[in-house]
Amino acid sequence: LGDAANEPSIAVDPNDPNSPTDPGVPAAGKVPVLVDAEPSTAKVELVGSDQGERTVPAVFMAKPGETIEVRVFAPNHEAQREKVEVPATGGAKVSVTLRAMPAPLLVKTSPGDASVTVDGEPYREGMTVEPGQEIKLRAEKRGYESTTRVVTAEPGQELQVALELKKKTEEIMT
């Protein structure tokens, strides 16, 4: 499986018939397939198998020469499937980075008819934003002081932002 110093360790479970009895000795003519993923809270399952889901890093035993498919998933992230051709010896490693789900953006303004931009683009109902990135919201209305706010969305969670504009005070010249 490569350089052991850079690889996650292979967990050995004596109660799991698919787990190697020793990380260096494949069980019953099978070789290990190591699946790792980001975020670290991801889970993985072998598609079409009753082996169940496992937390990453996870090891599945597979027959050399076969093609297996793994499904990797995590809350608020898009699931991903990967096909793996299992080599005759040495096993295989799959690394997956899941894409965070876009976050729905809901902006309320006071007054309610203020115009809003998101990173310079007009705000629209139903708009989503990329999580983990700062976004700049700006609200404007004639007769009011504009307001700007920078916020960051979490994966898959609605981002609700309230922007309140203050009425401009007229300076009276004497």
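Please refer to the structure placed before this passage.
Everything numeric in this text was worked out from a predicted model, so none of it was measured.

Draft legend 1. Highlighting the environment of A162. Along the chain, A162 falls in strand 15 (residues 159–164). Those residues in contact with A162 that lie beyond four places of it in its chain are K108 and R149.

Draft legend 2. Fine view of the packing of aromatic side chains. Enumeration according to the criterion identifies 0 aromatic pairs in this entry. Over the aromatic face of F73 sits the side chain of R71, whose NZ or CZ is 4.3 Å from the ring centroid.

Draft legend 3. Highlighting the side chain of T109. Inspection of the secondary structure puts T109 in strand 8 (residues 103–110). Separated by 2.7 Å, the side chain of T109 and the backbone oxygen of P111 make a polar contact. When residues no more than four places from it in sequence are discounted, the contact partners of T109 are A114, V116, A139 and L163.

Draft legend 4. Structural view of the sheet that holds strand 7 (residues 92–97). In spatial order, the strands read 4-1-7; together these 3 strands make up an open sheet with mixed pairing. The open sheet is flanked by strand 4 (58–62) and strand 7, the only strands paired with a single partner. The average undirected angle you get between the axes of adjacent strands in this sheet is 25 degrees. Examined bridge by bridge, strand 1 (residues 31–38) and strand 7 share 6 bridges and lie parallel to one another.

Rules behind the numbers
Residues numbered from 1 in each chain as written. Predicted model: local features only at pLDDT ≥ 70, side-chain atom pairs only at ≥ 80, totals over all residues. Heavy atoms only, no water. Helix = DSSP H or I, 4+ residues; strand = E, 2+ residues; numbered from the N terminus. Contact = heavy atoms within 4.5 Å. Phe/Tyr/Trp six-rings, centres within 6.5 Å; stacked < 30°, edge-to-face > 60°. Lys NZ or Arg CZ within 6 Å of the ring centre and 35° of its normal. Polar contact = N/O pair within 3.5 Å; in protein donor to acceptor, adjacent residues only side chain to side chain. Pairing = 2+ DSSP bridges. Axes fitted to C-alpha atoms, helices over the stretch in contact; angles between N-to-C directions.

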